[in-house]
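Each chain, written out:
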Amino acid sequence: MWIGWLEFDLLFGDVHSLKQKRSVVRPIVAELQRKFGLSAAETGSHELYRRAGIGVAMGAADRPHAGEVLDAAERRVAPPPRRPRLSGRRGLRRSDD
């Protein structure tokens, strides 16, 4: 079994409250869960309204499939002009590593 994960640190330019931030983050997390079947959640910077951490995890039977799904999820969270990504980390491990 292969276990893959992604972690993003996002910066929002035109967000001025935690309520606005949630209205941006929730649809991203929901789409990652619905479209790709991933476990996804806001994982950091909860108290900051202009930043968000989003984490994603998955399990797969083979490495190529895991890589394809993680690539597609990473493209989905790729920054449009109003959502620059500060950083992104990725991991892919075999369960017996």
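Residues numbered from 1 in each chain as written. Predicted model: local features only at pLDDT ≥ 70, side-chain atom pairs only at ≥ 80, totals over all residues. Heavy atoms only, no water.

Colleague: Describe the overall build of the chain, and please don't skip the residues or the numbers.
Modeller: The number of helices and strands found in the chain is two helices and four strands. The order of helices and strands in the chain, counted from the N terminus, is β-α-β-β-α-β. Within the chain, buried positions represent 36% of all 97 residues. Taking the contacts inside the chain whose residues are at least 6 apart along the sequence as the reference set, 69% of them involve residues at least 24 apart. Counting every atom, the chain has about 5,900 Å² of accessible surface; 50% of that belongs to carbon and sulfur. (Helix = DSSP H or I, 4+ residues; strand = E, 2+ residues; numbered from the N terminus. Buried < 20%, exposed > 50% of the residue type's maximum accessible area, 1.4 Å probe, protein only. Contact = heavy atoms within 4.5 Å. Areas by Shrake-Rupley, 256 points an atom, 1.4 Å probe, with all protein chains shown as cover.)

Colleague: Account for helix α1 (residues 18-36), naming residues and giving values.
Modeller: When the terminal C-alpha atoms of α1 are compared, their 26 Å separation across 19 residues agrees well with the 27 Å that a helix rising 1.5 Å per residue should span. Buried residues of α1: Lys21, Val25, Ile28, Val29, Glu31, Leu32 and Phe36, and no others. (Expected span 1.5 Å × (residues − 1).)

Colleague: I'd like a rundown of the confidence of the model for the chain, residues and numbers included.
Modeller: Per-residue confidence for the chain averages 88 on the pLDDT scale, and 93% of its residues sit at or above 70. Element-level mean pLDDT values for the chain span from 85 in strand β4 (residues 85-94) up to 93 in strand β3 (residues 51-60). (pLDDT = per-residue confidence, 0-100.)

Colleague: I'd love a proper account of the side chain of aspartate 9, names of residues and values included.
Modeller: Along the chain, aspartate 9 turns up in strand β1 (residues 2-11). For aspartate 9, a relative accessible area of 15% puts it in the buried group. Of the polar contacts made by the side chain of aspartate 9, one reaches the side chain of arginine 51; its length is 2.3 Å. (Polar contact = N/O pair within 3.5 Å; in protein donor to acceptor, adjacent residues only side chain to side chain.)

Colleague: Would you mind going over the environment of tyrosine 49 in detail, with residue names and values included?
Modeller: You can see tyrosine 49 is positioned in the loop between β2 (39-44) and β3. Its relative accessible area of 35% is what places tyrosine 49 among the partly exposed residues. A sequence separation of 18 residues divides tyrosine 49 from glycine 67, and the C-alpha atoms of the two residues are 31 Å apart. If near-sequence neighbours (up to four positions away) are discounted, tyrosine 49 is found in contact with Phe12, Val15, His16, Ser17, Leu18 and Lys21.

Colleague: Would you mind going over the pairing of β2 in detail, with residue names and values included?
Modeller: Two strands pair when backbone bridges link them, and β2 and β3 are joined in this way by five bridges, in the antiparallel orientation. In the strand pairing of β3, alanine 41 is matched with glycine 55. Here β2 folds back onto β3, and the loop between the two strands holds six residues, one of which, serine 45, carries a positive phi near 60°. (Pairing = 2+ DSSP bridges.)

Colleague: Which residues make up the pattern of salt bridges, and what values do they have?
Modeller: Evaluated as defined, the whole model comprises seven salt bridges. Across the salt bridge formed by arginine 89 and glutamate 7, the nearest N and O atoms sit 3.6 Å from each other. One end of the pair, arginine 89, is in strand β4; the other, glutamate 7, is in strand β1, with 82 residues separating them in the sequence. Given the relative accessible area of 34%, glutamate 7 is considered partly exposed. The salt bridge partner of lysine 21 is glutamate 42, with a shortest N-O separation of 3.0 Å. (Salt bridge = Lys/Arg side-chain N within 4 Å of Asp/Glu carboxyl O.)

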